[in-house]
Amino acid sequence: MSTPLIGVSKSILKIKELISHVANTCLNVLITGETGVGKEVVAQSLYAESVRSSKNFVKINCAALPETLLESELYGFEKGAFTGAHKKRQGKFQTADKGVLFLDEIGDMPLSLQSKMLHVLQSGEFSPLGSDQDYKTDVWVIAATNHNLEDSMAKKMFREDLFYRLNIIKIDIPPLRERKEDIPSLIEYYIRLYRSEYPENHGSKPEPDILEKLCQYTWPGNVRQLQNCIKKQMVLNSWEKILDDLPREHPDLSPQIQINGQSRESYSLENHEFANNRPSIISEFVDLSTSSEKLFEDISLKKIKKMASDRVEKEVIGFVLDKVGWNRSRAAKILKISYKTLLYKMSEFEVSPPVK
Amino acid sequence: MADPRRLLIVDDNEDILSTFYEFFNSMGYEVKTAVDGFAALKLLKDKANFFDCLITDLVMPNISGVGLISIVKKEFPHLKIIAMTGFGDQPGALASEANADVVLFKPIDLFDIEHTVSDLINPKNDNP
Ligand SMILES: Nc1ncnc2c1ncn2[C@@H]1O[C@H](COP(=O)(O)OP(=O)(O)OP(=O)(O)O)[C@@H](O)[C@H]1O
Ligand SMILES: [Mg+2]
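Counting restarts for each chain, with residues numbered from 1 along the sequence as it is written. Whichever chain is written first is A, and whichever ligand is written first is 1; the rest continue in order. Predicted model: local features are reported for residues with pLDDT of at least 70 only, side-chain atom pairs are reported and counted for 80 or more only, and whole-chain, interface and lining totals are derived from all residues. Where side-chain values are given, they derive from all heavy atoms of the structure, hydrogens and water being excluded.

## A look at the sheet that holds strand 5 (residues 102-105) of chain B
Strands in a sheet are paired, the pairing made by backbone hydrogen bonds, and the direction either parallel or antiparallel. Residue and element names in this part refer to chain B. What counts, and what does not: Pairing between strands is defined by DSSP: at least two bridges between the two strands are required. Secondary structure follows DSSP: runs of H or I at least 4 residues long count as helices, runs of E at least 2 residues long count as strands, and numbering of each begins at the N terminus. Helix axes use the C-alpha atoms of the stretch in contact, all axes being lines fitted to C-alpha atoms, and the angles between their N-to-C directions lie in the range 0 to 180 degrees. Throughout, a contact is declared for two residues whenever any of their heavy atoms are within 4.5 Å.
A sheet is described by the order of its strands in space; here five strands give the open sequence 2-1-3-4-5, paired in parallel fashion. The open sheet is flanked by strand 2 (30-34) and strand 5, the only strands paired with a single partner. Adjacent strand axes in the sheet meet at a mean angle of 20 degrees, parallel and antiparallel pairs treated alike. Packed on one face of the sheet, helix 1 (residues 14-26) meets strand 1 (6-10), strand 2, strand 3 (53-57) and strand 4 (80-85) and runs near 170 degrees to strand 2.

If you want it as structure tokens, here you go:
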């Protein structure tokens, strides 16, 4: 069963009404909003209210797959289309025929794939990789993103023609902090749900003073974050503890990020869902106090990922080696890596036994 | 001309909306306005067959002009549609694809658009 769209705020009521008016038009829909606001819930509601609800709802995450894989997932491929294509495979455009194709994180689709996507949306035809045959497809396209596509277009990272073709119906879901009225009903709904799923758990509902605090919190992770708190409450049964554990905003961040003196820009960065509650961790990998140009040049997800995972690996390896008295073959077994890999990593991260 | 012609004008820019409203009113039309595609659709569903012509902007929140045109052409095929676009030719092309009767580019001369409206509503009025 898909999640119902819970909420009593003006914006959620309007979205519900809009859904009921457009669910049977099959016009392309673009859903926008911060992470965790419920973009997928809205996509599912559109599908559930449409005549296509008896057909497939096919989701593809355009941010999660590398370019070539994303392309073959979307369009499928013929046997022998590339090395490793031992068997012909159906693409999502075909699986979703007569149903819904949910293009999640469309803002992250590489430019190189955007023109092909545009072509399919225009013509309703596509051909699998390695095939010269055109297939007709009748899919209802619902796309979602937490990027500001206007910005992406200005930076030439998103095609304008594709944007306008997707943006026929636009559903923008405001962040939870702008519709606090929804918080009580979301809590009500999820507590009831978790109680029925795990009757042995006895997390209680928040008392009015706690509820007030929950409503005042800014919820950078939106409904997903709230939902996780409720899950925790079912186990801990202590709203005080949960409130204590909520990440606070960092008022000291804004003076650090001064983007060419433009305070508005720095405001939006500060409020960005990720930057918001994790400036400290970002600052461990890049120098946030530099100018924006330098800063943006230094930020590379790949590089940061490598630095972060190296650091964690180094710590874990040191920890395990310490526990087993620096017996390397035992440590390798525990870490579930080969002895050779362990030695390699030890030298790369300069992990060595403490000198006595 | 006993029966005034009825127009629905849709634009998310309130200034444009009121300018158009005043102008068409003074030309003897009965005018209703809406600030986006969704508001327009509700008006249309409420008063099916009431309007003779729809004038709509293209880039708007919730239901865009292109979306509105597609829905209207299916549900109220008799309604004449003029699309107005100010954003390059992407939305304009989509409006034609959605079968708008006329696509005009902003800025729009009010007397021109009134001519277009009257031509659309009274085709070949002068040769019986
Ligand atoms: N209005 C709502 N009613 C009930 N549950 C909701 C609502 N909005 C969000 N949720 C729940 O919150 C979680 C996050 O929602 P969802 O996955 O739809 O967010 P999203 O906008 O797609 O986020 P992301 O950008 O991170 O993908 C889900 O578990 C979803 O069920
Ligand atoms: Mg999502």
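## Brief notes about the nonpolar core
Residues and elements named next belong to chain A. To keep it simple, the criterion reads: Residues belong to one nonpolar core when they are buried, are Ala, Val, Leu, Ile, Met, Phe, Trp, Tyr or Cys, and are joined through side-chain atoms within 4.5 Å. For the exposure calls, accessible area comes from a 1.4 Å probe over protein chains only, and a residue counts as buried if that area is under 20% of its type's maximum, exposed if over 50%, partly exposed in between.
Ranked by size, the top nonpolar core spans 80 residues in total, and within it Ile31, Leu46, Leu103 and Ile171 carry the most contacts. Leu103 has contacts with Ile60, Cys62, Leu74, Met117, Val141, Ile142, Ala143 and Ala144, leaving out every residue within four places of it along the chain. If you look at the next biggest cluster of nonpolar residues, it comprises 21 residues, including Cys215, Val223, Cys229 and Ile230.

## Focus: the packing of aromatic side chains
For clarity, the threshold we go by: Put simply, two rings from Phe, Tyr or Trp (the six-membered ring, in Trp's case) pair if the centres are within 6.5 Å, and we call them stacked under 30 degrees between planes, edge-to-face over 60, tilted for the rest.
Summed over the entire model, instances satisfying the criterion amount to 16 aromatic pairs over all chains. Their ring planes at 70 degrees and their centres at 5.2 Å tell us that Phe163 of chain A and Tyr164 of chain A sit as a pair that is edge-to-face.

## Details of the layout of surface pockets
Here is the rule we go by: Each cavity reported here is a set of points on a 1 Å grid over the protein atoms alone in which a 1.4 Å probe fits but cannot get out, each pocket an open set with protein on both sides within 12 Å along at least five of seven lines, and each lining residue one with an atom within 4 Å of a point. Grid points are joined across faces, edges and corners, and a volume is the space filled by probe spheres set on the points.
Empty space within the second largest pocket amounts to approximately 690 Å³. Together, 27 residues line the second largest pocket, and Thr25, Cys26, Leu27 and Asn28 of chain A together with Ser70 of chain B are the ones closest to its centre. Among the secondary structure elements, those contributing two or more residues to the lining of the second largest pocket are helix 5 (111-123) and strand 8 (140-145) of chain A together with helix 3 (65-75) and helix 4 (90-97) of chain B.

## Some points on the pairing of strand 1 of chain B
Residue and element names in this part refer to chain B. The line we're drawing: If you view a crossover with the strands going away from you and the path from the first strand over the helix to the second runs clockwise, you call it right-handed.
With four of five residues buried, strand 1 is to be regarded as a mostly interior element. The pairing of strand 1 with strand 2 spans five bridges and is classified as parallel. Its bridge partner lying in strand 2, Arg6 is registered against Glu30. Between the parallel elements strand 1 and strand 2, the chain passes through helix 1 in a crossover that is right-handed.

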